[in-house]
Amino acid sequence: MSRFQDRVVIVTGAARGLGRDYARYFARDGANVVLADVKGTESAAEEASAEGGQRCIGVEADVTDRASTDAMVAAARDAFGRLDVLVNNAGLWRGLNEAGLLECPDEIWDAAWAVNVTGSLRCYQSAVPLMREGGFGRVINISSMAARSGSNPYGLTKNAVEHMTRGMAREVGGDGITVNCIAPGISAFEAAQSQLTNADQVVAGNAIKRMGTSADLYEAMVYLCSEQASWVTGETFHIDGGAGAH
Ligand SMILES: NC(=O)c1ccc[n+]([C@@H]2O[C@H](COP(=O)([O-])OP(=O)(O)OC[C@H]3O[C@@H](n4cnc5c(N)ncnc54)[C@H](O)[C@@H]3O)[C@@H](O)[C@H]2O)c1
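Definitions and limits used
- Residues numbered from 1 in each chain as written.
- Predicted model: local features only at pLDDT ≥ 70, side-chain atom pairs only at ≥ 80, totals over all residues.
- Heavy atoms only, no water.
- Helix = DSSP H or I, 4+ residues; strand = E, 2+ residues; numbered from the N terminus.
- Rg over C-alpha atoms; globule rule 2.2 N^0.38 Å.
- Buried < 20%, exposed > 50% of the residue type's maximum accessible area, 1.4 Å probe, protein only.
- Contact = heavy atoms within 4.5 Å.
- Areas by Shrake-Rupley, 256 points an atom, 1.4 Å probe, with all protein chains shown as cover.
- Lys, Arg positive; Asp, Glu negative; His and termini not counted.
- Charge placed at Lys NZ, Arg CZ, Asp CG, Glu CD.
- Expected span 1.5 Å × (residues − 1).
- Axes fitted to C-alpha atoms, helices over the stretch in contact; angles between N-to-C directions.
- Parallel < 35°, antiparallel > 145°, perpendicular 65-115°, else oblique.
- Left-handed = near helix turned anticlockwise from the far one by under 90°.
- Nonpolar A, V, L, I, M, F, W, Y, C, P; charged D, E, K, R; others polar.
- Pairing = 2+ DSSP bridges.

**Here's the deal with the overall build of the protein chain**
- Helix and strand counts for the protein chain stand at 9 helices and 7 strands.
- A compact globule built from 246 residues would reach a C-alpha radius of gyration of about 18 Å, and the protein chain, at 17 Å, matches this within 12%.
- Principal axes of the C-alpha set define a box for the protein chain whose edges measure 45 × 35 × 35 Å.
- In the protein chain, which comprises 246 residues, the proportion classed as buried is 54%.
- Summarising the internal contacts of the protein chain: among those between residues at least 6 apart in sequence, 73% fall at separations of at least 24.
- Element-wise, carbon and sulfur atoms account for 51% of the exposed surface of the protein chain, whose accessible area totals about 10,900 Å².
- Across the protein chain, 21 positive and 30 negative side-chain charges occur, with their mean positions spaced 5 Å apart.

**Re helix H1 (residues 17-28)**
- Helix length check: H1, at 12 residues, gives a terminal C-alpha distance of 17 Å against a target of 16 Å (1.5 Å per residue), a fit within 8%.
- Across the 12 residues that make up H1, a large majority, 10, are buried.
- Turning to H1, its buried residues are Leu18, Gly19, Arg20, Asp21, Tyr22, Ala23, Arg24, Tyr25, Phe26 and Ala27.
- Lining the buried residues of H1 we find strand E1 (8-12), strand E2 (32-37), helix H2 (42-52), strand E3 (56-60), strand E4 (85-88) and helix H9 (214-225).

**Re the packing of helix H5 (residues 106-134) against helix H6 (residues 153-172)**
- Between H5 and H6, the shortest axis-to-axis distance is 9 Å and the interhelical angle comes to 20 degrees. By the criterion of interaxial angle, the relationship of H5 to H6 is roughly parallel. Judged by the sense of rotation from one axis to the other, the crossing of H5 with H6 is right-handed. Residues Trp109, Ala112, Trp113, Asn116, Val117, Ser120, Leu121, Tyr124, Val128 and Arg132 of H5 pack against Pro153, Tyr154, Leu156, Thr157, Lys158, Ala160, Val161, Met164, Met168, Glu171 and Val172 of H6.
- Here the contact of H5 with H6 is composed, by residue class, of 15 nonpolar, 3 polar and 3 charged.

**Examining the sheet that holds E4**
- Read across the sheet, 7 strands follow the order E3-E2-E1-E4-E5-E6-E7 without closing on themselves; strand pairing throughout is parallel. In the strand order of this sheet, the two ends are held by E3 and strand E7 (236-239), each with one partner. Direction aside, neighbouring strands of the sheet carry axes that sit 20 degrees apart on average.
- Judged from the 6 bridges that link them, strand E5 (residues 137-142) and strand E6 (residues 177-184) form a sheet pairing that is parallel. Each residue of the ladder has a partner; that of Ile142, found in E6, is Ile182.
- On top of the sheet, H6 reaches E5, E6 and E7; it is set at about 165 degrees to E6, its chief contact.

What follows is the structure in structure tokens.
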């Protein structure tokens, strides 16, 4: 059965990494997908289209810029006439895990808040009116296991995303729209492998001693985006191999 047959999904940060895989999986499950990224999304959109036989389009969008996120949602409306799911996946964690608070360079701090927090907000603001028209919506914000740490600048942005998820959920709960958050543990991806010098140590701290995969994270998303999860909102789901199970 196609779990998202004819649903319309926007995935941000879909040019590479986890977002690229989410887009492919949604297409495989029957959705029409808008792949949004600051970088070229052409090859990712072709890959997603090939996967599911659905129509997938790539749009250039900077999530920090409201005009750009409005244009992203307009592209979904023009191509498919509706919007069911927004996955706020675009994120920055370059240099942030190691930065600490005392020495964290301004440009890294500002860019992370702009993309991870403001970017998720802008996409939500742009997407909700079109979801409201359809009387159905699922917003998935993306946090991180790092949100548990108060000394990690990246984790602080993700903690704000989790908190904002609760506010968003309350705002749109009466419109058939749920807003939830997935907090992944370290996942086997280019960015994780190149940026975490202590990946083995992090995995050793998990209850299940392997890195996560995009499929592990996607299956949690499938539930949260389903009709069956219509009474689940404002929650953060830690999909992290038991990293926080102490
Ligand atoms: N990979 C992991 O282990 C892991 C763990 C926890 C959380 N996460 C979160 O999952 C998400 C994806 O992570 P990833 O490892 O695939 O990262 P990644 O760096 O490989 O991909 C992020 C994508 O976001 C895009 N992006 C950056 N700024 C943007 C902007 N202003 N507008 C639009 N797109 C923008 C980038 O171009 C890139 O394609 C991020 O939010 C990250 O914080 C990842």
